[in-house]
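# Breakdown of the fold
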Amino acid sequence: MGNSLKAVLAFVPSNKCQKYLLEDLEEMPVDKMVDLSGRQMRRLPVHICSFRELVKLYLSDNNLNHLPPELEQLQNLQILALDFNNFKALPLVVCTLKQLCILYLGNNKLCSLPLELRLLQNLKTLWIESNCLQYLPEVVCELSLLKTLHAGSNALRSLPPQLQCLQELRTIWLSGNLLAEFPPVLLDMPFLEVIDVDRNSIRFFPSLAHLPGLKLVIYDHNPCRNAPKVAKGVRRVGRWSEETPEPRKRSGAVIDITLDEKPLLPPAAKTEPE
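The rules behind each value
- The residue numbering used here restarts from 1 in each chain and proceeds along that chain's sequence as written.
- In keeping with the predicted nature of the model, local features appear solely for residues at pLDDT of at least 70, side-chain atom pairs appear and are counted solely at 80 or more, and the whole-chain, interface and lining totals rest on all residues.
- As a rule here, side-chain values come from all non-hydrogen atoms in the structure, and water together with hydrogens is ignored.
- For the purposes of this entry, the term helix denotes a DSSP run of H or I that reaches at least four residues, the term strand denotes a run of E that reaches at least two, and both are numbered from the N terminus.
- Three exposure classes are used, based on accessible area relative to the maximum for each residue type with a 1.4 Å probe and protein chains only: buried under 20%, partly exposed in between, and exposed over 50%.
- In this description, contact between two residues means that some pair of their heavy atoms is separated by no more than 4.5 Å.
- Nitrogen and oxygen atoms within 3.5 Å of one another constitute a polar contact, given that in protein one can donate a hydrogen and the other can accept it, and given that sequence-neighbouring residues count only through two side-chain atoms.
- Any carboxyl oxygen of Asp or Glu within 4 Å of a side-chain nitrogen of Lys or Arg constitutes a salt bridge here.
- Classification of ring pairs rests on two measures: the distance between centres of Phe, Tyr or Trp rings, Trp counted by its six-membered ring, which must be within 6.5 Å, and the angle between planes, read as stacked under 30 degrees, edge-to-face over 60 and tilted in between.

## So, the overall build of the chain
- When helices and strands are counted, the chain shows 2 helices and 12 strands.
- If you list the helices and strands of the chain from N to C, you get α-α-β-β-β-β-β-β-β-β-β-β-β-β.
- Across the 274 residues that make up the chain, the buried fraction comes to 47%.
- Within the chain, contacts between residues separated by at least 24 positions form 27% of all contacts whose residues are at least 6 apart in sequence.

Structure (structure tokens):
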């Protein structure tokens, strides 16, 4: 079916048209996965919520701005993808899906997250990149099993000190925000393995050499005059990384050395729960 026809039918609420968009998906697939990405949907067909053994539900790249309360029936759901939609608020029914391990909320219009998100205590990966967040919601700091946090391309200026409570957190992506300084809370998180602060406004980097778990730090595209010091074996991506020395003062002047290496980006493909 062509995308243009899908776009027209998406405006028609009749069950017949919605079934046509689903291409006759009547029964739950054997692999317990439903992928309705890119269907131009404006509402989720309620009969999908009858697939109670469903484990993975992909609703990316649609026109959704709400979800039916019947979604609560999917209590076995582990992966839910809501990225590239029109959500201005996270539907509270999502917070009832307590087996969720991976939640994709990127590329929406979220300005906050509900306190009910704390109910998702099995969540290990949270994608909230490319939203309208001016601060990292403190409720994220209550997700005790969280291992990966993607919060890039928002308008974050700082991180809450409560973030250090996430002792399972290993990877944090903060590229494309408004950080004017390296977040102090990250200095108290020795278990972090990957820190990405690419494309911010950080002018000075403190030493990260005391972080024993650190494997990679991405700090390129900041107006900094120094590279973060790291322990042996830790890879740095940015100006004055392993490939070039840091600038040295000569007669009171600082020699500016640039590096053309492009920063690593968060993985584009959706990952599976461990």
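What follows picks up the thread again.
## Some details on the side chain of Asn-85
- Tracing the chain through its elements places Asn-85 in the loop between β3 (79–81) and β4 (102–104).
- For Asn-85, a relative accessible area of 5% translates into the label buried.
- Side-chain polar atoms of Asn-85 contact the backbone nitrogen of Leu-64, separated by 3.0 Å.
- Look past the residues within four positions of Asn-85 in its chain and what remains in contact with it is Leu-59, Ser-60, Asp-61, Asn-62, Asn-63, Leu-64, Asn-107 and Asn-108.

## Concerning the pattern of salt bridges
- Scanning all chains against the criterion turns up 3 salt bridges.
- The salt bridge partner of Glu-142 is Arg-118, with a shortest N-O separation of 2.8 Å. Here Arg-118 lies in the loop between β4 and β5 (125–127) and Glu-142 lies in the loop between β5 and β6 (148–150), a separation of 24 residues in the sequence.
- Exposure remark for Glu-142: the relative accessible area of 34% places this residue in the partly exposed category.
- Arg-199 is the salt-bridge partner of Asp-198, the closest N and O atoms lying 3.5 Å from each other.

## Regarding the packing of aromatic side chains
- This model, assessed by the stated rule, comprises 3 aromatic pairs.
- When the centroid spacing of 5.3 Å and the interplanar angle of 55° are considered together, the rings of Tyr-104 and Trp-127 count as tilted. Highlighted residues: Tyr-104 in strand β4 and Trp-127 in strand β5, separated in sequence by 23 residues.
- Its relative accessible area of 2% is what places Tyr-104 among the buried residues.
- Residue classification places Trp-127 among the buried positions, given a relative accessible area of 8%.

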